[in-house]
Amino acid sequence: QVTLSAGAELDARRVNQYTLILRAACPGEDEVEGQLFVRVTTGRVLRCDTPFASAEGDVVQVLADVAPRTPLYAVLRQPLGGLTVSGRVEQGFPSPSFLQFRLRNHNTPLTLTRRGLVLAPDNGFDPSKDIQTFRLEIEVMDRHGHNCSGAVRVEVLPSRRPRVTFLEPHRAVTVTEGIGPWEVVTQVHARGDNVRYAILAPMTPALFTVDEVTGEIRSTRRLEVTRAHLLIRAYNALHPDDHATATVNVTVRGTVRQAPTCVPAIFVSQVPETVSPGSTLVTLMCTGSTSTDGCLHYALEGPPSSRSQFCMEGPRLKVNSTLDYDSEAMAALGFQLTATIVVTVGGQPLQSTRVPVLVTVTPVNEFRPVCPNGATFTVPETAAFGSVVGRVAGTDRDYPPDSLEYSVEGGSGPAQPFSIDRHTGEIRVVGPLGSQQQKSYRLVVRLTDTHNDLDPRKRQSRLCDVSVRLQAVPDQLPVCIPEVQELRITAGSPGSRQPVTRLVCRSSPDSVALTYTIAGGNEDGRFRLEGNTLVYLPNDQAGPRTFVLLVEVWGGSGARRRSSTVALVVHVTPWSTPVPPSTTTQRMTLQKEPLVVTQTEAVWHPPAWFVAVLTISGALLLATLGCLAWNLL
């Protein structure tokens, strides 16, 4: 960076150029050399021209109604002649930014800007005074400290335009209620240039507005009985300080009214629950004393739960929200909505008419029944007739909830031994179940809704798959009562057939057929079984004889066959003995000589000392293994 020495004095007439030789070098490198040429030129002197620099100063004349902060005068740099400064209004070029302007006298309302502009006062001039004169002494300085000064005299002349005045400063107006919005109530007039109008009071006019250009005062809505005091201002749009005010008193007079008459006077209707919000239920035809419904007001009254379902749009009663027949809230209302439409006509006093509303919501079958999840049941294969298998719990979202009827597709039969309760959906066994033939049944159950629509023909249904699995039950031993019988008979004539007794046995399940065979005691073949009946075949034996017969009773089939044994002690008396030839059957339980069937199972009961020795040996073995594992780990 090359700078000029503080004590240096440059004279372009003596030396107009300097040649500087500059050398530069870095450590370890060669030195380089360069030249710098500095040229010295003749300086310019700042000079102010007349009339700005004269003793009287430059003169500017303006009117007193000039707007605030209007530029009145500008100190300008002339385009030719170096740094020559003069003053003009709206002429020349803007002063360069290197010129500074300073106001020497401060006893003036005028303002001097940094760009050399003289502005009118912030609040303007006082138009009520005569000619006013203001003098400004301005000093101009450039960045080298050269300066010059001048003066400006501003003469303020009286305004030649007329003042804004109202022809009628106070006005009273009376109108009749019922005037509609935007109708002219009255009009104010003011003299002057560029006159505009505005309402000063009230600050937020709610009933009236004034036209800014014409001065017409209009209503903003339909007028009712009231009194209003308006303060109107008229002003010059170009000079807002030039203004005047006037007061306007508006009285709205009432008329005698009667209560409105409405058709229908009462509204009763039925609507389906699917009616869309916004639908019109009824349009009231109401008239007041003025034979027009323009001044009628409509409102709803009634319980909140019912009133919230409706809304008024003028004279039209509309549905406000969805009328859900299937909700608990609607059921709590008895599916009837009540409200009252209040029709009021303006005026003093207010007159109103009430129209009762009763709307009954009717059901619509909107939803199909829904099948239960996982409708699978298990029933023992030995289930008796009428046994309950399970319950199909279908659902339906329509009100009343879950009002369904049940039926089995295809009906009941050998291939489908089940029935279903029409109202409860309970499935019962109505036929034999054969687990040997099939392990499960597939039922198709139809769910049909009921009482969900005003039209009983509009019903919806759904088919549901229900699976019934058979649970195998092991066969039980046949049971005979009694298991031991002692019988006494008198033999008949040889070659005849003589019934002895009928065995009473049952099996589980009851459907299993039983078979009977004589397993022992019938060596000579004197007895035989016909079903469950024991028959004796007499011969020509000489003396009485006692037979002990063992009868096996078999139930089930195949590998699942089970059997039990019945003991029969039969005392036979020959027919040739003095005993009368008759057959006597006596059933009793043998008391003196019971037949005992014993089943022996081999069971080993070790002595106590053996159990003790085995326990101690086991404990020692476990302790040894534990010590060995401890040492190894």
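- Within an unreviewed UniProt entry, the label attached to the chain reads CDHR4 protein, and the organism entered is Chaetorhynchus papuensis.
- Per its UniProt entry, the chain bears the Subcellular location (unreviewed entry) comment "Membrane".

**Describing the sheet that holds strand 43 (residues 533–536)**
Consideration 1: Spatially, the three strands line up as an open sheet ordered 39-43-42, and their pairing is antiparallel. Each edge of the sheet is formed by a strand with only one pairing partner; in this case those strands are strand 39 (498–502) and strand 42 (527–530). Between one strand and the next, the sheet's axes are offset by a mean angle of 30°, whatever the strand orientation.
Consideration 2: Direction of pairing for strand 42 relative to strand 43: antiparallel, over a ladder of four bridges. Residue Leu529 lies in a different strand from strand 43, and its bridge partner there is Leu534.

**Observations concerning the pattern of salt bridges**
Consideration 1: This model, assessed by the stated rule, comprises 21 salt bridges.
Consideration 2: A salt bridge links Glu155 to Arg153; the shortest N-O distance between them is 3.5 Å.
Consideration 3: Residue Glu155 is classed as buried on the basis of its relative accessible area of 15%.
Consideration 4: Its salt-bridge partner being Asp242, residue Arg163 comes within 3.6 Å of it at the nearest N-O pair.

**Structural notes on a nonpolar patch on the surface**
Consideration 1: A cluster of nonpolar side chains, namely Val2, Leu4, Leu10, Val15, Tyr18, Leu20, Leu22 and Val38, defines an oily patch on the protein surface of about 650 Å² accessible area.
Consideration 2: The leading source of residues in the nonpolar patch is strand 1 (residues 17–24), at three residues.
Consideration 3: Mapped onto the secondary structure, Val38 falls in strand 2 (residues 32–39).
Consideration 4: Using a relative accessible area of 34% as the deciding quantity, one classes Val38 as partly exposed.

**Brief notes about the state of the cysteines**
Consideration 1: Considering all chains together, one arrives at four disulfides under this definition.
Consideration 2: Each sulfur in the disulfide pair Cys48 and Cys148 lies 1.7 Å from the other. Across the disulfide from Cys48 to Cys148, rotation about the S-S bond amounts to roughly 65°, and the bridge is consequently right-handed. Of the two residues, Cys48 is situated in strand 3 (residues 47–48) and Cys148 in strand 11 (residues 147–157); the sequence distance between them amounts to 100 residues. The same class applies to Cys48 as to Cys148, namely buried.
Consideration 3: Linked covalently through their sulfurs, Cys480 and Cys505 form a disulfide whose S-S length is 1.8 Å.

What counts and what doesn't
- Numbering of residues starts from 1 in every chain and runs along the sequence as written.
- In keeping with the predicted nature of the model, local features appear solely for residues at pLDDT of at least 70, side-chain atom pairs appear and are counted solely at 80 or more, and the whole-chain, interface and lining totals rest on all residues.
- For side-chain calculations, the full set of non-hydrogen atoms in the structure is used, while hydrogens and water are omitted.
- UniProt positions are given in the numbering used here, feature names are shortened, and annotations may be inferred rather than shown by experiment.
- A pair of strands is treated as paired once DSSP finds two or more bridges between them.
- Secondary structure elements are taken from DSSP: a helix is a run of H or I of four residues or more, a strand is a run of E of two residues or more, and numbering for both begins at the N terminus.
- Orientation is described by axes fitted as lines to C-alpha atoms, over the contacting stretch for helices, and by angles from 0 to 180 degrees between their N-to-C directions.
- Basic side-chain nitrogens of Lys or Arg form a salt bridge, by our definition, when they fall within 4 Å of a carboxyl oxygen of Asp or Glu.
- Buried, partly exposed and exposed residues are distinguished by accessible area as a fraction of the type maximum, computed with a 1.4 Å probe on protein chains only: under 20%, between the cut-offs, and over 50%, respectively.
- To count toward a patch, a residue needs a relative accessible area over 30% and no salt bridge; like charges are then connected within 9 Å, while nonpolar side chains (Val, Leu, Ile, Met, Phe, Trp, Tyr) are connected within 5 Å.
- Calculation of accessible area relied on Shrake-Rupley with a 1.4 Å probe; when residues are assessed, cover is drawn exclusively from the protein chains displayed.
- Whenever a pair of cysteine sulfur atoms sits within 2.5 Å, that pair is classed as a disulfide.

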